[in-house]
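Fold and contact review
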Amino acid sequence: MNEETLKQAEQLLHDYKLCDSCFGRLFRKEVKDGTNPQKGQFIRKQLHRVEKTAVHDCWLCEGLIDEIPHFIKIVVESIKDYEFETFLIGSKIDEDIQEKEQRLWKHLNLEEAEPIKMEINREIGKILEPHLGKTVDIKNPDIMAVIDTTYDVVSLQITSLFIYGRYKKLLRGIPQTKWPCQICRGKGCKKCNYTGKLYETTVEELVAGKALELTKGTDESFHGSGREDIDALMLGSGRPFIIEIKNPKKRNIDLILLEKETNQTSKNKVEITSLRFTNRDEIARIKEAEFRKTYRVTLEAIKPLNKEKLIKVAQALQDKPIKQLTPTRVAHRRANKIRERVIYNCTIESVEGIIAIITLEAESGTYIKEFVSGDDNKTKPNLSELIGIPCKVKELDVIDVKGE
């Protein structure tokens with residue numbers, strides 16, 4: 001330390017009673033090695049001002065540094081019911097202490113001093129790592145414990161648990177996610193039998209129920225790679241999804257058991273497969289991915305269909321671009337614009353009178369019902385127009401979601 005800094009430190013000890021931690025913390029830049037208390041002791045020796053006993057009535061921290069063992073104890077108690085591998089400590093410091101610290105920095109022109117908050121967080125983390133057998137993670141901890149040092153209260157911020165999978169929907173009439181009752185808007189009324197829901201159950205609820213139970217989470221969010229219509233089945237290898245469990249107490253759950261018990265509970269309604277743990281980043285991937293989809297469509301015409309003509313039209317649709325103005329049925333919730341999509345393949349499976357079954361492979365986001373009916377020519381070209389007979393979708397199944 002240079003002579004000017006030593007004079008500054010001497011004046012500081014003359015004006016204020018400081019513990020070694022607070023004293024050393026103010027000169028972090030000037031003394032590189034050691035902990036803050038060791039830095040404080042080193043400077044005192046330089047000034048021949050070594051205290052015979054430790055300072056417990058520090059003017060700056062008011063004894064807060066001495067309470068670190070107590071803070072460790074209440075953190076351990078607060079997180080005892082949670083499973084985690086990584087953690088981070090945060091703290092709220094009394095405003096009076098922070099103001100005094102700021103005044104000292106300004107008065108002494110200290111630009112590199114360490115805030116007391118940083119020291120408390122670091123020192124608690126250093127002790128808890130070996131004690132808990134867990135790792136401090138600054139960027140993405142499983143759990144963050146924030147200590148209110150004034151009131152001895154610990155608040156926890158729990159990182160959500162993310163589970164990837166694929167689901168099949170085996171029963172028509174089930175929406176993917178929750179729809180609030182249109183009358184009471186989710187509050188509960190006679191119309192919805194006081195459930196607050198428009199539909200009795202959803203794919204989301206059937207998938208999330210057992211996951212919430214096993215993780216002891218408080219809530220969930222369902223993230224699907226697109227969605228099928230309520231009256232459509234989701235078959236084949238299933239649709240990619242991520243279930244986000246909020247505030248989980250248990251993270252190390254058995255995904256094989258979760259899959260088995262979920263499928264038993266939702267038998268003949270929903271089936272899940274391919275479960276694995278993932279992270280928030282993958283939500284964006286499955287949301288933004290443009291997976292091709294294959295559909296099996298049962299269509300009904302207003303008069304008997306000609307199989308040969310259907311086959312000829314199907315061949316002409318190979319890699320055919322179509323333009324779709326926002327369909328009438330979703331116009332209340334979607335922007336009114338023209339979307340260009342591609343029909344990659346169309347195959348005629350069977351034709352019997354006014355009923356035909358076809359298989360369509362289409363670009364993600366294609367409105368299949370409107371491609372078949374034309375939706376008052378909002379979709380062009382459309383199947384009804386190409387075969388010269390008005391027709392509509394009677395049944396729709398998603399039989400494949402490609403891309404993974």
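Refer to the preceding data block for the structure.
The notes below deal with the structure included here. (Residues numbered from 1 in each chain as written. Predicted model: local features only at pLDDT ≥ 70, side-chain atom pairs only at ≥ 80, totals over all residues. Heavy atoms only, no water.)

Tallied over the entire structure, the rule returns seven aromatic pairs. Residues Tyr 16 and Trp 59 carry aromatic rings whose centres are separated by 4.3 Å and whose planes lie at 40° to one another, so their mutual orientation is tilted. Note that Tyr 16 is positioned in the loop between helix 1 (3-15) and helix 2 (20-25) and Trp 59 in the loop between helix 3 (36-47) and helix 4 (68-78), a separation of 43 residues in sequence. Residues Phe 222 and Phe 241 carry aromatic rings whose centres are separated by 5.4 Å and whose planes lie at 10° to one another, so their mutual orientation is stacked. On the criterion of sequence distance, the pair formed by Phe 222 in strand 6 (residues 219-224) and Phe 241 in strand 7 (residues 233-246) is long-range, its members being 19 residues apart. With respect to burial, Phe 222 and Phe 241 carry one shared label: buried. Among the aromatic residues, ring-to-ring pairing joins Tyr 167, Phe 222 and Phe 241 into one connected group. Of note, Arg 276 hangs over the ring of Tyr 164, and the distance from its end group to the ring centre comes to 4.0 Å. (Phe/Tyr/Trp six-rings, centres within 6.5 Å; stacked < 30°, edge-to-face > 60°. Helix = DSSP H or I, 4+ residues; strand = E, 2+ residues; numbered from the N terminus. Buried < 20%, exposed > 50% of the residue type's maximum accessible area, 1.4 Å probe, protein only. Lys NZ or Arg CZ within 6 Å of the ring centre and 35° of its normal.)

This paragraph deals with the pattern of salt bridges. Where charged atoms from two side chains of opposite charge come close, those side chains can pair. Summed over all chains, the structure comprises 35 salt bridges. Note that Lys 17 is salt-bridged to Asp 57, the shortest N-O span being 3.2 Å. Taken as a pair, Lys 17 in the loop between helix 1 and helix 2 and Asp 57 in the loop between helix 3 and helix 4 lie far apart in primary sequence, 40 residues in all. For Asp 57, a relative accessible area of 47% puts it in the partly exposed group. Note that Arg 172 and Glu 395 form a salt bridge whose closest N and O atoms lie 3.4 Å from each other. Residue Arg 172 is found in the loop between strand 5 (161-169) and helix 7 (203-215), and its partner Glu 395 is found in strand 14 (residues 391-401); the two are separated by 223 residues along the sequence. (Salt bridge = Lys/Arg side-chain N within 4 Å of Asp/Glu carboxyl O.)

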